[in-house]
Amino acid sequence: MANVALRNLGKTFDKTTVLHDISLEVADGEFVVLVGPSGCGKSTTLRIIAGLEEATTGEVEIAGRVVNNLEPKERNIAMVFQNYAIYPHMSVRKNIGFGLRTSALSKPDRIKRLEEVAALLDMTDLLDRKPAQLSGGQRQRVAIGRAMVRDPAVFLFDEPLSNLDAQLRTQMRLEIKKLHQRVGNTIIFVTHDQVEAMTMADRIVILKDGVIQQVGTPSEVYHKPANTFVAGFIGAPSMNMMAATATSQGIRLFNGPTVALVQSDLTVGQPVTLGVRPDDLMVGTGQVLAEGQVVVQEPLGAETLIYVSVDGTEVIAKASGRTPPAVGETVRLGAATENLHLFDAATGAALR
Amino acid sequence: MAIVEAIRPTTDALMKTSAPKKPANLGQILRWLLLFAGGIAMIMPIAYMISTSLKWPHEVYNVNLIPREPTLENYTYVLEDGRFYMWFWNSIIIATITTVSNIFFDSLVGYTLCKFRFPGRYIIFIAILSTLMIPTEMLVIPWYLMSQQFGWLDTHWGIMFPGLMTAFGTFLMKQFFETVPDDFIEAARIDGLNELQIWWTVAMPLVKPALAALAIFVFLGNWTAFIWPLIVTNSTEMYTLPVGLSTFGDEADVAWELIMTGAAISTIPTLVVFLIFQRYIIQGVVMAGLKG
Ligand SMILES: Nc1ncnc2c1ncn2[C@@H]1O[C@H](COP(=O)(O)OP(=O)(O)OP(=O)(O)O)[C@@H](O)[C@H]1O
Ligand SMILES: [Mg+2]
């Protein structure tokens, strides 16, 4: 059992608190992604789990024991860094073998293990090269190999793909996911890229300013965002947000139509925010939400994104790829009621 | 400091070799002339050293570069004089031990000051740096009194103790360890190495060029040191090469031809040291060039 549990974790540097009361349970074998904007405390959380940083308050538990007072090497974890941290003066073989220096394995077993890992990562032919002779993707594989070779209870990844170009990133994303399915270790993966989070995670943890905003499966955080921050952060392009007020007939958009959306727990006159994803907002269907002129077209092939100016703000909607409305044309945008999201205007918390 | 700067421009120079050739302009010609003048100024003393070592005593004060009747007599004399080997050996021992000691301690202290956060770290660093401002001449007397009290006068230890660690070396190493990313150190920590192992197997190999520069610098400095060895030694057997060479001749006359012969021979180890370590400097430059 290699679960990871964070209990009321807090971290203060000098006088600034960068983590507030982080609590999270990661099950054995789970792939959890921490995602959030730059500076929100993702790396700090990961470094506390690794033991590279001390928690100011709270507990870290790995495989059923509290590890707060254990050295990194005693925690049975491995970490892959953003800039790989593979040693330029050592061959690939030495780099991968580095993780075994302190293991109890016999020499032949070590060699066997090293070769297993190299084969798994498709690196057997590269073992005698120096890092300078490798491509970015290969270097990243060496870093992963070095982490894997010890077969740690938990893998920690800190933005391991952000130095790779887009195509390689997509490929490595898939490779890491496959690797996880094969080896089954617990993985905690940090990224600021929501696409990475959505595609790889069993569960996503969304952080902002050191506070957990939501924990859930990719589908949960996409379809049921807990607040406006999560709604805006997950999914590209971002969810459209429109100011509105609750009335007895439904939700009246600012300077716009009233949407027949009856919500029992709303008080009449309460200011709310209505959210709708560009994907769900289409020309001339469902509940009419807005009307305006097309300002920009963004053809994506099968479909076209249109930017529509509504009362001075831009709303993004989806249109057909073949016959999109022309720039300058006035369109009516609507969405199905079940695709509408409602948030409290003051707190940003989801209301449905 | 000079060395930090001295190594870095070499990287740029290497990179620039691929730039397309442009026809020489006036500025470039001026630069070549300056370099040429500098080169001559550097080479002349060495040329005169070798020339003088090949002259007969009566020709020494003649400024001609080519000896009229060249002779190897001086070399035979110096090499047959047992004292030369004694001094040579003393210098080798002192320069070698001091170099090894500096490589070890300067880098250890530099690494600690660079990579560990502890209270007083900055003050310690400033204190070490500030000793750079004290000239050797001011330190010689306290060193002497100290050696006298401890009974270190006229011993190898007495000659080398002031130089076993240097503020400059510590500073140089600290600056170079700044270029080693913390991730490397943390990765090694997670892989289970203790702090000394991390320093030795991860950090040290990554600063090899700086270590090579430091080695050359310290070796040369101690090989040519004169004032302190002269003061702390009394007996001929304890002299280092520069001190010993200066005693060639008698009260009436300084035997320049013998001194120059000894000096010419004594440049050989410095050349060897330079050739050995220069390789690492170039390697380091190449490595830095390939990074990223
Ligand atoms: N050693 C430190 N001393 C002081 N403040 C720090 C230290 N390390 C991190 N911080 C601060 O803590 C906050 C969180 O940093 P952290 O590195 O965890 O962010 P992150 O979410 O990983 O961001 P990024 O996506 O840019 O890597 C930041 O505001 C940062 O300035
Ligand atoms: Mg980070």
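Quick caveat, the model's predicted, so the values are computed rather than measured.

What to know about the overall build of chain B
Next up, step 1: Counting its regular elements, chain B contains 14 helices and 0 strands.
Next up, step 2: Each helix and strand of chain B, ordered N terminal to C terminal, gives the series α-α-α-α-α-α-α-α-α-α-α-α-α-α.
Next up, step 3: Sorting the 292 residues of chain B into buried and exposed places 40% on the buried side.
Next up, step 4: Long-range contacts, defined here as pairs at least 24 residues apart, represent 71% of the contacts in chain B between residues at least 6 apart.

Structural notes on the interface of chain B and chain A
Next up, step 1: In this assembly, 18 residues from chain B lie in contact with 24 residues from chain A.
Next up, step 2: Across the interface of chain B and chain A, roughly 1900 Å² is buried in total on both sides, 63% from carbon and sulfur atoms.
Next up, step 3: Taken together, chain B and chain A are joined by 3 salt bridges.
Next up, step 4: Linking Asp191 of chain B and Arg150 of chain A is a salt bridge whose minimum nitrogen-to-oxygen distance equals 3.3 Å.

Examining the packing of aromatic side chains
Next up, step 1: With the rule as written, the count across this model stands at 23 aromatic pairs over all chains.
Next up, step 2: A ring pair is formed by Phe84 of chain B and Tyr85 of chain B, whose centres lie 6.1 Å apart and whose planes are at 85°; its orientation type is edge-to-face.
Next up, step 3: The ring of Phe13 of chain A is capped by Lys11 of chain A, whose NZ or CZ atom sits 5.0 Å from the centre of that ring.
Next up, step 4: The ring of Phe125 of chain B carries Lys174 of chain B above its face, with NZ or CZ at 4.4 Å from the centroid.

Some words on the site of ligand 1
Residue and element names in this part refer to chain A.
Next up, step 1: Contacts to ligand 1 come from Phe13, Val18, Ser38, Gly39, Cys40, Gly41, Lys42, Ser43, Thr44 and Glu159.
Next up, step 2: Here an oxygen atom of ligand 1 and a backbone polar atom of Gly39 are 2.8 Å apart.
Next up, step 3: One of the side-chain nitrogen or oxygen atoms of Thr44 is found 2.5 Å away from an oxygen atom of ligand 1.
Next up, step 4: At 3 residues, helix α1 (residues 42–50) tops the list of elements feeding residues into the shell around ligand 1.
Next up, step 5: Of the residues that constitute the shell around ligand 1, the class distribution is 3 nonpolar, 5 polar and 2 charged.

Digging into the sheet that holds strand β3 (residues 31–35) of chain A
Sheet strands associate in pairs through backbone hydrogen bonding, adopting either a parallel or an antiparallel arrangement.
All names here are of chain A.
Next up, step 1: Within the open sheet, the 6 strands sit side by side as β6-β7-β8-β3-β9-β10. Their pairing is mixed. Of all the strands in the sheet, the pair left with one neighbour each is β6 (77–80) and β10 (211–216). Taken pair by pair, the neighbouring strands of this sheet meet at an average axis angle of 15°, ignoring direction.
Next up, step 2: With 4 bridges connecting them, β6 and strand β7 (residues 154–158) associate as parallel partners. Counted as the bridge partner of Ile77 is Val154 from β7.
Next up, step 3: Contacts from α1 reach β3, β6, β7, β8 (186–191) and β9 (203–208), with the element oriented near 150° to β7.

Description of the pairing of β7 of chain A
Residues and elements named next belong to chain A.
Next up, step 1: Of all the 5 residues making up β7, 5 are buried; the element is thus mostly covered by neighbouring parts of the structure.
Next up, step 2: Side chains Val154, Leu156 and Asp158 project from β7 onto one buried face, and the interleaved Phe155 and Phe157 project onto a second face that is buried too.
Next up, step 3: The pairing of β7 with β8 spans 5 bridges and is parallel. By the bridge assignment for β8, Phe155 is matched with Ile187.

As for the domain arrangement of chain B
Residues and elements named next belong to chain B.
Next up, step 1: By the assigned domains, chain B splits into domain 1 (27–71) and domain 2 (85–291).
Next up, step 2: One C-alpha centre belongs to domain 1, the other to domain 2; they are set 30 Å apart.
Next up, step 3: Facing the 7 residues of domain 1 at the interface are 7 residues of domain 2.
Next up, step 4: Roughly 620 Å² is buried in total at the junction of domain 1 and domain 2, and carbon and sulfur atoms are behind 74% of that figure.
Next up, step 5: The interface formed by domain 1 and domain 2 contains 1 residue pair in polar contact (both at pLDDT 80 or more).
Next up, step 6: Of the residues belonging to the side of domain 1 that touches domain 2, the class tally is 4 nonpolar, 2 polar and 1 charged.

Here we look at the sheet that holds strand β12 (residues 251–253) of chain A
All names here are of chain A.
Next up, step 1: Pairing is antiparallel across the open sheet formed by 5 strands, whose spatial order is β13-β12-β11-β14-β20. The open sheet terminates on both sides in strands that have one partner only, identified here as β13 (258–259) and β20 (341–344).
Next up, step 2: Pairing between strand β11 (residues 240–246) and strand β14 (residues 271–276): 6 bridges, direction antiparallel. Looking at β14, one finds that Ala244 is bridged to Val272.

Remarks on the environment of Glu59 of chain A
Residue and element names in this part refer to chain A.
Next up, step 1: Checked against the element boundaries, Glu59 lands in strand β4 (residues 57–62).
Next up, step 2: Residue Glu59 is classed as partly exposed on the basis of its relative accessible area, which comes to 33%.
Next up, step 3: Put simply, Glu59 and Glu196 are 137 residues apart on the chain and 28 Å apart in space, counted from C-alpha to C-alpha.
Next up, step 4: Ignoring anything within four residues of it in the chain, the contact list for Glu59 reads Ala5, Leu6, Arg7, Leu9, Val66 and Asn68.

Some words on the packing of helix α8 (residues 167–177) of chain B against helix α11 (residues 208–223) of chain B
Residue and element names in this part refer to chain B.
Next up, step 1: The contact between α8 and α11 brings their axes to 10 Å, and the two run at 165°. Relative to α11, the element α8 lies roughly antiparallel. Read as a crossing pair, α8 and α11 show a hand that is right-handed. Contact residues: α8 offers Phe168, Gly169, Leu172, Met173 and Phe176, while α11 offers Ala210, Leu211, Leu214 and Phe217.
Next up, step 2: By residue class, the composition of the contact of α8 with α11 is 8 nonpolar, 1 polar and no charged.

Considering the nonpolar core
Next up, step 1: Leu156 of chain A together with Phe177 of chain B are the most contacted members of the largest nonpolar core, which totals 60 residues.
Next up, step 2: If you tally residues by element for this core, the top one is helix α10 (residues 195–206) of chain B, at 6 residues.
Next up, step 3: Non-local contacts of Phe177 of chain B, meaning those with residues more than four positions away in its chain, are made with Ser107, Gly110, Tyr111, Cys114, Lys115, Trp199, Ala203, Met204 and Val207 of chain B.
Next up, step 4: Val35, Ala143, Leu179 and Ala201 of chain A belong to the second largest nonpolar core, which has 42 residues in total.

Definitions and limits used
- Residues numbered from 1 in each chain as written.
- Chains lettered and ligands numbered in written order.
- Predicted model: local features only at pLDDT ≥ 70, side-chain atom pairs only at ≥ 80, totals over all residues.
- Heavy atoms only, no water.
- Helix = DSSP H or I, 4+ residues; strand = E, 2+ residues; numbered from the N terminus.
- Buried < 20%, exposed > 50% of the residue type's maximum accessible area, 1.4 Å probe, protein only.
- Contact = heavy atoms within 4.5 Å.
- Buried area = accessible area lost by both parts, 1.4 Å probe.
- Salt bridge = Lys/Arg side-chain N within 4 Å of Asp/Glu carboxyl O.
- Phe/Tyr/Trp six-rings, centres within 6.5 Å; stacked < 30°, edge-to-face > 60°.
- Lys NZ or Arg CZ within 6 Å of the ring centre and 35° of its normal.
- Near = heavy atom within 4 Å.
- Polar contact = N/O pair within 3.5 Å; in protein donor to acceptor, adjacent residues only side chain to side chain.
- Nonpolar A, V, L, I, M, F, W, Y, C, P; charged D, E, K, R; others polar.
- Pairing = 2+ DSSP bridges.
- Axes fitted to C-alpha atoms, helices over the stretch in contact; angles between N-to-C directions.
- Domains from an automatic or database assignment.
- Parallel < 35°, antiparallel > 145°, perpendicular 65-115°, else oblique.
- Left-handed = near helix turned anticlockwise from the far one by under 90°.
- Core = buried A, V, L, I, M, F, W, Y, C linked by side-chain atoms within 4.5 Å.

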